[in-house]
Amino acid sequence: MIDIRLLRNQPDLVRTAMARRGSPELVAQLDETLALDERAREIVARRDAIRAQVNDLSKQVGALRKAGDTEQAEAIQAQSRALGDEERTLAAEYDDVQAKVRDLLLRIPNLPHPDAPDGASDHDNPIVKGPFGLLDEYPEHQRVPHWETAAALGILDNERATKISGAMFTMQRGQGATLARALCQYALDMNADAFEEIRPPSLVTTATLTATGQLPKFADDAYAIERDDLWAIPTAEVPLTSLYGGEVLDETQLPVRMMAYTPCYRREAGSAGRDTRGMLRAHEFDKVEILAVTTPAQGADMLVELRDRAERLISGLGLPYRIIEICTGDMGQSHHRSFDIEVYAPGCDNWLEVSSVSWFLDYQSRRADIRFRTAGEKGTQIANTLNGSALAVPRVWAAIVENYRQPDGSVTIPEILRPYMRGATQIPAG
RNA sequence: GGAAGGGUGCCGGAGUGGACGAACGGGACAGUCUCGAAAACUGUUGAGGUCUUCUGGGCCUCCGUGGGUUCGAAUCCCACCCCUUCCGCCA
């Protein structure tokens, strides 16, 4: 969430930022938040003044009782007791208003970076790099959707996945399953030079899912296990961000670089019926995520580093790709600045979003309460977080099947993946 | 799932109703001593909120979490969470 003090002190700056996101309804929300915040502070001032009196009177009672002046002590007790009722009323009122402020604040999106391109929707996202490796013309044998190729090769069995788990679940088989796992191992190995590998839990608490911004606003997108108050993670970003939640790190520890392979679970509530074929959209998929916790000063460079690392994985696979920057109108709620890598899939004739790299500023850290301390300085500062998909398996898998399809219907394995495929050079046609 | 014990500051650990934001020890930092260091001695050393006549000060909150009792709670009561050990179950 954004800093309430920023909203208090520079409301126009925040209003302008929200206007850039193209959400005029947010401005009213800002005003409501400000008004409630002012009320909350007024109430808490009165509450604290009464508490101060009660504390003072209580000390007097203690002293009087010690001195044996029971009568006077009881008189003061009665006085203090009367204050107690007022205190309770104010405290309840404050808690109520404060909860409202927090709830509003949790729903206010992050401030876009000054350099983030303005725009209304994904149509306005500029291409900032590439395209690379794109052919002028694609031969017929590459113009086959991956689900057709995969069916012919027996490496994808979504019918049976649906039988087992319902619509929008996928299942890879044989070399197809190996390829999915190879991609994960490849992504982890390529970042092991600087990133600590984590194997986090895939089920997290409500507090954890709130820290990264999925809750309270996007509860419908996540799988809930209500009986145990747990949620299935939509991305490793969720557990990794909260890994240092509630902790105060030493500045010398920063930046912290972490990576994790996890399954990812998404209800896709808003996109039922879209991309139902093949591997483009599913309720469960594999992804390797890279994530960093930094000081505010380190954020900009880390964004570039993460983006470069994600790009290196895709270019290493020899897939045609481009990098786009997300405009203010298309930005996710928690994002400050964001880039996507898109891979061209000739069979679907589509640019597939395979990676998203984002800087969150202190938006998530404030929710998760990740702070750091600088030696010799008093107090703490709120950290920055950034993350990126190193490699999201299904769409890269699909792009490989389509780009590497041969005239005989087989699929050549990208050279860099062969060590992870037990040396296989191709997925042979039946 | 059952039983027992426990959760206090950077760490260890005391504290079972009144001057406790918390003894004591350790650590860290600063100073004294020293050519320098060690040792010793002295001092300092949590976070958050809010107000302010602001390079300072006032007030409030925080002893796992949330409630309750009380004039007053780290301390008493209730619920929950987590940790340790034992039993059960289990990959």
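As a starting point, this report considers the structure included with it. (Residues numbered from 1 in each chain as written. Chains lettered and ligands numbered in written order. Predicted model: local features only at pLDDT ≥ 70, side-chain atom pairs only at ≥ 80, totals over all residues. Heavy atoms only, no water.)

1. Structural notes on the overall build of chain A
Point 1. Regarding its fold elements, chain A presents 12 helices and 16 strands.
Point 2. In terms of principal-axis extent, the alpha carbons of chain A reach across some 100 × 45 × 45 Å.
Point 3. Within the span of chain A, comprising 430 residues, buried residues form 50% of the whole.
Point 4. Contacts in chain A between residues at least 24 apart in sequence constitute 74% of all its contacts with a sequence separation of at least 6.
Point 5. Total accessible area computed for chain A in this model is approximately 19,900 Å², and 48% of it derives from carbon and sulfur atoms.
Point 6. Here chain A contributes 48 positive and 64 negative side-chain charges, whose respective centroids are spaced 3 Å apart. (Helix = DSSP H or I, 4+ residues; strand = E, 2+ residues; numbered from the N terminus. Buried < 20%, exposed > 50% of the residue type's maximum accessible area, 1.4 Å probe, protein only. Contact = heavy atoms within 4.5 Å. Areas by Shrake-Rupley, 256 points an atom, 1.4 Å probe, with all protein chains shown as cover. Lys, Arg positive; Asp, Glu negative; His and termini not counted. Charge placed at Lys NZ, Arg CZ, Asp CG, Glu CD.)

2. Things to note about unusual backbone geometry
A negative phi angle is the norm for most residues apart from glycine, just as the trans form is the norm for most peptide bonds.
Point 1. In this structure, Pro216 follows Leu215 across a cis peptide bond, with omega equal to 5 degrees.
Point 2. Locating Pro216 in the fold gives a position in the loop between α8 (206-211) and β4 (224-225).
Point 3. Here Leu254 and Pro255 are connected by a cis peptide whose omega angle stands at 0 degrees.
Point 4. Mapped onto the fold, Pro255 is located in the loop between β6 (248-250) and β7 (256-265).

3. Structural notes on helix α7 (residues 175-191)
Point 1. Taking 1.5 Å per residue as the helical rise, α7 with its 17 residues ought to reach 24 Å, and the 24 Å between its terminal C-alpha atoms agrees with that figure.
Point 2. Buried within α7 we find Gly176, Thr178, Leu179, Ala180, Ala182, Leu183, Cys184, Tyr186, Ala187, Leu188 and Asn191.
Point 3. At its buried positions, α7 is contacted by β2 (196-198), β7, β8 (284-294), α10 (299-316), β14 (384-392) and α12 (393-403). (Expected span 1.5 Å × (residues − 1).)

4. Here's the deal with the protein's contact with RNA strand B
Point 1. The local shell around RNA strand B holds 21 residues, among which Arg5, Arg41, Ser58, Ser80 and Thr380 are the closest.
Point 2. Of what RNA strand B places within 4 Å of the protein, 73% of the atoms are sugar or phosphate.
Point 3. Arg5 has a polar side-chain atom sitting 2.8 Å from a phosphate oxygen of RNA strand B.
Point 4. Backbone polar atom of Gln77 to a sugar or linking oxygen of RNA strand B: 3.3 Å apart, as the coordinates give it.
Point 5. Within the residue set of the surface near RNA strand B, elements represented by two or more residues are α1 (4-9), α3 (25-67), α4 (70-107) and β12 (371-373). (Near = heavy atom within 4 Å. Polar contact = N/O pair within 3.5 Å; in protein donor to acceptor, adjacent residues only side chain to side chain.)

5. Some remarks on the pairing of strand β9 (residues 321-325)
Working note: regular strand, side chains alternate between the two faces of the sheet.
Point 1. Among the five residues of β9, five are classified as buried, and the element is accordingly described as predominantly covered.
Point 2. Residues Tyr321, Ile323 and Glu325 point to one face of β9 and Arg322 and Ile324 to the other, with burial holding for every one of them.
Point 3. Where strand β1 (residues 127-132) lies against β9, three bridges are found, and the strand directions are antiparallel. Paired with Lys129 across the strands is Ile323, a residue of β9.
Point 4. Taken together, the five bridges between β9 and strand β10 (residues 337-345) define a ladder with antiparallel strand orientation. Residue pairing across strands places Arg322 opposite Glu342, the latter belonging to β10. (Pairing = 2+ DSSP bridges.)

6. Notes on the packing of aromatic side chains
Point 1. One pass over the structure, following the stated rule, counts three aromatic pairs.
Point 2. Relative to Tyr321, the ring of Phe132 lies with its centre 5.0 Å away and its plane at 40 degrees, an arrangement referred to as tilted. Here the residue Phe132 occupies a position in strand β1, and Tyr321 occupies one in strand β9, the gap between them amounting to 189 residues.
Point 3. Judged by relative accessible area, which is 35%, Phe132 ranks as partly exposed.
Point 4. Tyr321 sits in the buried class, given a relative accessible area of 6%. (Phe/Tyr/Trp six-rings, centres within 6.5 Å; stacked < 30°, edge-to-face > 60°.)

7. Topic: the sheet that holds strand β13 (residues 381-382)
Point 1. Ordered by their spatial adjacency, three strands build an open sheet running β6-β12-β13, and the pairing between neighbours is mixed. One side of each edge strand has no neighbouring strand; the edge strands of this open sheet are β6 and β13.
Point 2. The sheet contact formed by β12 and β13 spans two bridges and is antiparallel. Bridge pairing links Phe372 to Gln381 in β13.

8. Examining the packing of α7 against α10
Helices that pack against each other are described as a pair by the angle of their axes relative to one another and the distance between those axes.
Point 1. The contact between α7 and α10 brings their axes to 11 Å, and the two run at 130 degrees. The orientation of α7 relative to α10 falls into the category oblique. Considering the relative orientation of α7 and α10, their crossing is right-handed. Two secondary-structure elements touch here, α7 through Tyr186, Ala187, Met190 and Asn191 and α10 through Arg309, Arg312, Leu313 and Gly316. (Axes fitted to C-alpha atoms, helices over the stretch in contact; angles between N-to-C directions. Parallel < 35°, antiparallel > 145°, perpendicular 65-115°, else oblique. Left-handed = near helix turned anticlockwise from the far one by under 90°.)

9. Regarding the side chain of Thr208
Point 1. For Thr208, the location among the structural elements is in helix α8.
Point 2. Residue Thr208 is classed as buried on the basis of its relative accessible area of 17%.
Point 3. One polar contact links Thr208 to Thr205, side chain to side chain, over a distance of 3.0 Å.
Point 4. Sequence-distant contacts of Thr208, defined by excluding residues within four places in its chain, comprise Val238 and Ser242.

10. What about the nonpolar core?
Point 1. Counting 56 residues, the largest nonpolar core has Leu183 and Trp397 as its most contacted members.
Point 2. The element contributing the most residues to this core is α7, with eight residues.
Point 3. Counting residues in hydrophobic clusters, the runner-up holds 31 residues, among them Leu26, Leu90, Val97 and Tyr363. (Core = buried A, V, L, I, M, F, W, Y, C linked by side-chain atoms within 4.5 Å.)

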